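# Secondary and tertiary structure notes
Listed below, chain by chain, are the residues.
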Amino acid sequence: MDFFANVILGFQTAFQPINFLFCFVGVLTGTLVGVLPGLGPVAAMSLLLPTTFHVSPVAAIIMLAGIYYGAMYGGSTTSILVNIPGEAASVVTCLDGYKMARQGRAGPALGIAAFASFIAGTFSIVGLMLIAPPLAEMALKFGPPEYFSLMALGLTVLTFLASGPMWKTLIMACLGLFLGNIGMDSINATFRFTFGILELSDGVGLVPVAMGLFGISEVFLNVEQSMGRTVFEAKIKNLLPSLKDWAESFWPIIRGTVLGFFLGVLPGGGSLISSFVSYAVEKKFSKTPEKFGTGMIAGVAGPEAANNSATGGAFIPLLTLGIPGNAVTALLLGALIIYGVQPGPKMVIEHADLFWGVIASMYLGNAMLLVLNLPLIGLWVKILKVPYPILFPLILLFCLIGGYSLNNSLTEVGLMVIFGVIGYLLKKFQYEAAPLILALVLGPMMEHSFRASLTMFDGNPAQFFFRPISAVIMTIAILLLILPLIPGMKKRPAIGDGED
Amino acid sequence: MNNDQASSGAFFIIGLAIAFGAVRYKLGTFSAPDSGLMPFLVGTAISLLAGIGFVHATLGKRKGVGWTPLLEKLRWERVLIVLAALVAYILLVKTLGFLICTALFIGFLLKAVVPQRWPTVFAVSLITALASYGIFELWLKAQLPRGIF
C-alpha cells in the first residue's frame, strides 16, 4: 500500500507545473547535447547546474536527470545521420545505424532507436521503483566500513572497465581522490593544500573541474581539427518501423533492456559498457553475425535499449546508497549535496517527494522524448547543420557563465580553464577523465568513512575483511585489481573515454 | 623517451609532491588518523602507480613503442588562440562588463579561429551577448559582472 501511495506522491510531484517544465527543459537539453557531437551530458549538466540554484532541489534534479537520459536518446540521431556519436554511449549505434541510413533506411533506424529507448527506459524505471526502496532499507544497516568498501569497489570497477592500461585509470582515480581532499578537513578543520586561496577552502568545486575536463578540453580538441561534418542529406521518411523491423528488433530490445539495467546498477558500469555488451550479445544470438556492421536493425535496437536502460539502473546506487556509479551520477550526487540533500538510504524516507518525484518524472520524460525524437527529427537535423566554428564560441560562453555564476567567482572560472588545459593534455596522453570526476566526488566521503573505520577497528585495516558485507565487497574489488595481471584475463576491448 | 614514459615520470613527481605536502598536515596513526594521512596515502599510490607505468612504458619502448607526436597535422595554434581569448575574458570581464566583453569574445573567436564573414560575426556576437544577458542576468538573476562603464 505504501508503495502505491509513494508512486502517487511521485506523480503528484512530477505533475506540478514547475517540475513538469523543468522535466521538459531537461529532456530537451539532453536531446540537444546528445545530438551535438562534442558536448556530453556531464558538460551540459555542469553548465546548467548553477542555473538551478533558484529553484527547488526536486525541480533541479528532475531537470539534471532529464539531461542524462535525454542525451541517450539524442545521441543515436547523430550516430545514424552523421556517423559520429553524439555522446559516448552511442558509439555502437554508428556501426549499423549509419549503414542503414546509407541504404535509405534512416527513418526506420531513427524510429527503432527511439522506440527501443522508450521501451527500455520505461522498464528500467519500473526496475528502479521496485529495487531501490528495499535496497535502501538494507543499506540502513551499513556502517563506515561497508560504505568505504562499496566506494572502493565503484572506483575499481570503473578502472577495470575503462580503456587503456589500468595504471593510468588508477592514477586518475587517485588524482581525483587527492582533489577531493583539498580544502577544509571536515573532522578537525585543518585547511589542506589551499595555498591561501579562499575559494579552495570549501574544496575544489565539481563544476569547474567537470566543465574544464569535459567542456573546455573537448573544444580545444575539436578546434585543432578540420571541424567539418557531413550530415545525411536525403529526406527522412518511414519513421515507424515495419512489422519485419519489429520482429527483428523485439528480442534485441528485451535483451538490451535487461542487460543494460543490471550493468547500469553496477558501480562503474553504465550506458557505454551496456551498449557494447548488448551489441556483442546480439551478434552472438544472430543467425547472420557476419552481417552486423552492414545495416542490421538489431545492431541499433539492442544497444539503444541497453544504453537507455542503464540510465535507470545507474540511479539505484545513487539514490539508495548515496554512491554514484559513474561520472554523470557523481555530478548528480554533487548537485544533491549543494542543494542540502544528503543522498543515501534515508533519502527515501526524509525526501520522499524528491525520490519518488524524480522517478515519476522519468516516466513523463520518456514519453516527452518519444515525441521530441520522432516528429521533431527535422529540427534536430537542422541543428546538426549549424557549423562547429559558430557553435564552439557559444559552448565556451556557457562554460564561462556556468563557472562564474556558481559563486560569482572569477577564480573558479580560472580554475575551470586550468582544468580545460589539464583535460586536453590528459586526452593527448590517453588518460581518461571519468575516474577522476567520480573519485573527486567520492573523495571526501571515502576519507571520512576510511578514517571512521580505522578508528572503529583500532587501526587494524584487516578488520575490513572480518565484517561479512565489507569482506565480500573488498574481495571483489581486489579480484578486479588482480584479474588483469593473470595471463589470458587481460583487458577487454577498449570502450573509449566514456563520461559514464 | 615515449609518451607513457613522459607522462608517468610527471605523475611520479606529482605523487611525491602530494605525499611530502601531506606530511605537513600530520599523518597521525592508523588508530587515530589525522588530516594528512589520506592525501599521503593517495600521493604515495600515485607515485607507485606511475613507477609501474614507467616500467611498463620502458618495456614498451624496448619493443619499439616510440614518441607519438601530439600536435602533428593539427591546427594547434587555434588552441592557443582560444586559450588566449579565455584568459583575456577572465582578465577583462570585471572592467568591461559582461555585455561588451562577451560580444568581443564571441566576435574574436568567430573571426580568429575559422574566419567567418563580418555580417555573421556582428550578428552572432551581438545576439549571443544580448540573449545570454537576458537569460542569465534578467531571467535567472545570475549577477553577472557589470563593468566600470
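Residues numbered from 1 in each chain as written. Chains lettered and ligands numbered in written order. Predicted model: local features only at pLDDT ≥ 70, side-chain atom pairs only at ≥ 80, totals over all residues. Heavy atoms only, no water.

### A short note on the packing of aromatic side chains
For any pair of aromatic rings, geometry is given as the distance between the ring centres together with the angle between the planes. Under the counting rule described, the total for this entry stands at 24 aromatic pairs over all chains. Pairing F115(A) with W246(A) gives two aromatic rings, centres 5.5 Å apart and planes at 55 degrees, and the pair type is tilted. With F115(A) in helix α6 (residues 106-139) and W246(A) in helix α10 (residues 243-265), this residue pair connects regions lying 131 residues apart in the sequence. In this structure W246(A) comes out as partly exposed when scored by relative accessible area, which is 28%. Ring plane angle 70 degrees and centroid distance 6.0 Å describe the contact between F398(A) and F136(B), whose orientation is recorded as edge-to-face. Taken as a pair, F398(A) in helix α17 (residues 388-405) and F136(B) in helix α5 (residues 118-139) lie in two separate chains rather than in one. Members of the aromatic cluster, joined through ring pairs, are F11(A), F15(A), F20(A) and Y363(A). When the ring centre of Y431(A) is taken as origin, the NZ or CZ atom of K168(A), which lies over that ring, is 4.9 Å away. (Phe/Tyr/Trp six-rings, centres within 6.5 Å; stacked < 30°, edge-to-face > 60°. Helix = DSSP H or I, 4+ residues; strand = E, 2+ residues; numbered from the N terminus. Buried < 20%, exposed > 50% of the residue type's maximum accessible area, 1.4 Å probe, protein only. Lys NZ or Arg CZ within 6 Å of the ring centre and 35° of its normal.)

### A closer look at the environment of G36(B)
Residues and elements named next belong to chain B. In this fold, G36 is placed in the loop between α1 (3-23) and α2 (37-62). Once the C-alpha coordinates of G36 and I18 are considered, the two residues, 18 residues apart in sequence, prove to be 9.9 Å apart. The contact partners of G36, leaving out residues within four places of it in the chain, are A22, Y25, K26 and L27. (Contact = heavy atoms within 4.5 Å.)

### Examining the packing of helix α19 (residues 434-456) of chain A against α2(B)
The N-to-C vectors of α19(A) and α2(B) enclose an angle of 110 degrees; their axes lie 10 Å apart at closest approach. Put simply, α19(A) runs roughly perpendicular to α2(B). Between α19(A) and α2(B), the contacting residues are M446(A), E447(A), F450(A) and L454(A) on the first element and L37(B), M38(B), P39(B) and L41(B) on the second. Residues that form the contact of α19(A) with α2(B) fall into these classes: seven nonpolar, no polar and one charged. (Axes fitted to C-alpha atoms, helices over the stretch in contact; angles between N-to-C directions. Parallel < 35°, antiparallel > 145°, perpendicular 65-115°, else oblique. Nonpolar A, V, L, I, M, F, W, Y, C, P; charged D, E, K, R; others polar.)

### Examining the interface of chain B and chain A
Taken residue by residue, the interface counts 61 residues in chain B and 56 residues in chain A. Summing both partners gives a buried area of about 5,200 Å² for chain B against chain A, and 78% of it is carried by carbon and sulfur. On the chain B side of the contact with chain A, F11(B), M38(B) and I90(B) bury the most area, a combined 12% of that side's loss. Across the salt bridge formed by D4(B) and K168(A), the nearest N and O atoms sit 2.8 Å from each other. At the junction of chain B with chain A, the criterion picks out 13 residue pairs in polar contact (both at pLDDT 80 or more). The greatest single-element share of the side of chain B that touches chain A, amounting to eleven residues, is contributed by α2(B). A class-by-class count of the residues in the side of chain B that touches chain A yields 41 nonpolar, 14 polar and six charged. (Buried area = accessible area lost by both parts, 1.4 Å probe. Salt bridge = Lys/Arg side-chain N within 4 Å of Asp/Glu carboxyl O. Polar contact = N/O pair within 3.5 Å; in protein donor to acceptor, adjacent residues only side chain to side chain.)

### Here's the deal with the side chain of N308(A)
Looking at where N308(A) falls in the secondary structure, it is placed in helix α12 (residues 298-321). Sequence-distant contacts of N308(A), that is, excluding residues within four places in its chain, are made with Y69(A), M72(A), Y73(A), S117(A), A120(A), G121(A) and S124(A).

### Thoughts on the pattern of salt bridges
Counted by the stated rule, this structure contains twelve salt bridges over all chains. One salt bridge connects R451(A) with D185(A), and the closest N-O pair in it is separated by 3.1 Å. Of this pair, R451(A) sits in helix α19 while D185(A) sits in the loop between β1 (183-184) and β2 (191-192), and the two are 266 residues apart along the sequence. In terms of burial, R451(A) and D185(A) fall into one category: buried. The residue R146(B) makes a salt bridge to E137(B) at a minimum N-O spacing of 2.7 Å. Through salt bridges that share partners, D185(A), R192(A), E447(A) and R451(A) make up one connected network.

### Observations regarding α19(A)
Taking 1.5 Å per residue as the helical rise, α19(A) with its 23 residues ought to reach 33 Å, and the 32 Å between its terminal C-alpha atoms agrees with that figure. Phi turns positive, to about 55 degrees, at D458(A), one or two residues after α19(A). (Expected span 1.5 Å × (residues − 1).)

### Some remarks on the confidence of the model for chain A
In the predicted model, chain A carries a mean pLDDT of 84, and the fraction of residues at 70 or more is 93%. Confidence over residues 492-498 of chain A falls short of pLDDT 50; this stretch has 22 contacts with residues more than four positions distant or in other chains. (pLDDT = per-residue confidence, 0-100.)

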